[in-house]
Amino acid sequence: MSLLALRPLLVRQRSLSLSLLRYTRPLPSLVCRYSTGNVPNHSSKSLSAGSDRTDVSTDVRPIGERVKENTKTASYMGVILLGVGVTGMLFYVIFWELFSSDSPNNIYSEALERVKEEPRVKDALGAPIKGYGEESRRGRRTRVAHTQYVKDGVEYIRMQFHVQGFRNRGTVHLEKRKTDAGGYDYRYLFVQLDYNPHSPIILEDNRLQQDAMRSAGSPMPQPFL
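Residues numbered from 1 in each chain as written. Predicted model: local features only at pLDDT ≥ 70, side-chain atom pairs only at ≥ 80, totals over all residues. Heavy atoms only, no water.

### Brief notes about the overall build of the chain
Line of reasoning, step 1. Secondary structure assignment for the chain yields eight helices and six strands.
Line of reasoning, step 2. Listed N to C, the secondary structure of the chain is α-α-α-α-α-α-β-β-β-β-β-β-α-α in terms of helices and strands.
Line of reasoning, step 3. Relative to its 225 residues, the chain shows a buried fraction of 23%.
Line of reasoning, step 4. Taking the intrachain contacts of the chain between residues at least 6 apart in sequence as the baseline, contacts between residues at least 24 apart amount to 44%.
Line of reasoning, step 5. If you sum the accessible surface of the chain, you get close to 16900 Å²; carbon and sulfur atoms cover 59% of it. (Helix = DSSP H or I, 4+ residues; strand = E, 2+ residues; numbered from the N terminus. Buried < 20%, exposed > 50% of the residue type's maximum accessible area, 1.4 Å probe, protein only. Contact = heavy atoms within 4.5 Å. Areas by Shrake-Rupley, 256 points an atom, 1.4 Å probe, with all protein chains shown as cover.)

Put into structure tokens, the structure is as follows:
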């Protein structure tokens, strides 16, 4: 056969070879996709499973350090609770002192007003009259002296303070007894004058009515010492 007769055959074979190459070229990529897509990824699953677990502690500190921190936190909480308790107690005391009618401060204020309005005291001391507590060695006037006690199941409060006018000075003595109704009634209230201590000005003396047997031999109230 001549070359001219073989030429169409060669051209057809070449075309067939090119077609085969065209269809067989993507096979490696398909094989790779198939291999990577179907093989299970155990590492990714294990990582996701590990991240989903919430019961695993992440605190890797030593036990001693954790115990020490917990103890410190508990001590701080105890200090806070103690501070809250002390603050509450202070507020209670302040409220009772300022607003309770039976507090020592209010008893002093009420007694001082009665003494200042008493005409006999005005004549003896000279108005205007002012009241004050005990004097220290340096001349400073401190709080009013008072004491509270229980006798035979009954509560008492006893108080002493000083009054001064433009002429003279005196000392106020008082005692109150708690009643069954919950209030306080005067047992006695009198002013002992500095220039005449044996002739006090008596504003209240209810001891005969409250305790007749005990006060029968003592018609004059005794000063508070």
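### Details of the packing of aromatic side chains
Line of reasoning, step 1. Counted under the stated rule, the structure contains three aromatic pairs.
Line of reasoning, step 2. Between the aromatic rings of Y108 and F161, the centroid separation amounts to 4.8 Å while the plane-to-plane angle is 90°, which identifies the pairing as edge-to-face. Residue Y108 is located in helix α5 (residues 104–117), and its partner F161 is located in strand β3 (residues 154–164); the two are separated by 53 residues in the primary sequence. Of the two residues, Y108 and F161, neither departs from the other in class, the shared state being buried.
Line of reasoning, step 3. A cation over a ring is seen here: K176 above Y186, with NZ or CZ 4.4 Å from the ring centre. (Phe/Tyr/Trp six-rings, centres within 6.5 Å; stacked < 30°, edge-to-face > 60°. Lys NZ or Arg CZ within 6 Å of the ring centre and 35° of its normal.)

### A look at the confidence of the model for the chain
Interpretation of the predicted coordinates at a detailed level should be avoided for regions scoring low in pLDDT.
Line of reasoning, step 1. Looking at the chain, the pLDDT average stands at 75 and 59% of residues meet or exceed 70.
Line of reasoning, step 2. Within the chain, helix α6 (residues 119–125) carries the highest mean pLDDT (96), whereas helix α2 (residues 27–38) carries the lowest (48). (pLDDT = per-residue confidence, 0-100.)

### Some remarks on the pattern of salt bridges
It is possible for side chains bearing opposite charge to pair when their charged atoms get close.
Line of reasoning, step 1. Throughout the structure, instances matching the rule amount to nine salt bridges.
Line of reasoning, step 2. D205 is the salt-bridge partner of R207, the closest N and O atoms lying 3.1 Å from each other.
Line of reasoning, step 3. Owing to a relative accessible area of 7%, R207 belongs among the buried residues under this scheme.
Line of reasoning, step 4. If you follow the salt bridges from partner to partner, you end up with R158, E175 and R187 in one network. (Salt bridge = Lys/Arg side-chain N within 4 Å of Asp/Glu carboxyl O.)

### Focus on the pairing of strand β4 (residues 169–178)
Line of reasoning, step 1. Counting buried positions over the 10 residues of β4 gives seven, a clear majority of the element.
Line of reasoning, step 2. Here β3 pairs with β4 via nine bridges, running antiparallel. Across the sheet, Q160 pairs through a bridge with H173, a residue of β4.
Line of reasoning, step 3. Hairpin remark: β3 followed by β4, antiparallel, with four residues in the connecting loop.
Line of reasoning, step 4. Once β4 ends, the chain turns through five residues before running back antiparallel as strand β5 (residues 184–193), passing G182 with a positive phi of about 105°. (Pairing = 2+ DSSP bridges.)

### Thoughts on unusual backbone geometry
Line of reasoning, step 1. Omega for the bond connecting A127 with P128 falls within 30 degrees of zero, at 0°, which places this linkage in the cis form.
Line of reasoning, step 2. Phi is positive for D152, which is not a glycine, with a value near 55°.
Line of reasoning, step 3. Along the chain, the position of D152 falls in the loop between β2 (145–151) and β3.
Line of reasoning, step 4. Since its relative accessible area comes to 65%, D152 is described here as exposed.

### Let's talk about the nonpolar core
Line of reasoning, step 1. Among the nonpolar cores identified, the biggest contains 23 residues, and M159, F161, V163, L174 and V191 are the most heavily contacted of them.
Line of reasoning, step 2. Contributions of two or more residues to this core are made by α5, α6, β3, β4, β5 and β6 (201–205).
Line of reasoning, step 3. Setting aside anything within four residues of it in sequence, one finds V163 in contact with L112, V115, L125, I129, K130, G131, Y132, R169, G170, V172 and V191. (Core = buried A, V, L, I, M, F, W, Y, C linked by side-chain atoms within 4.5 Å.)

### Quick notes on α5
Line of reasoning, step 1. Helix length check: α5 (14 residues) gives 20 Å between terminal C-alpha atoms against 20 Å at 1.5 Å per residue, within 8%.
Line of reasoning, step 2. Of all the positions in α5, only P104, I107, Y108, A111, L112 and V115 are classed as buried. For α5, the buried positions fall inside an angular range of 130° around the axis, keeping them on one side. (Expected span 1.5 Å × (residues − 1). Arc of directions from axis to C-beta.)

### What to know about the environment of V121
Line of reasoning, step 1. Examined against the element boundaries, V121 turns out to sit in helix α6.
Line of reasoning, step 2. Under the relative-accessibility criterion, V121 is labelled buried at 0%.
Line of reasoning, step 3. Residues V121 and Q164 lie 43 residues apart in sequence; the distance between their C-alpha atoms is 10.0 Å.
Line of reasoning, step 4. Setting aside anything within four residues of it in sequence, one finds V121 in contact with V115, G126, I129, V191 and I201.

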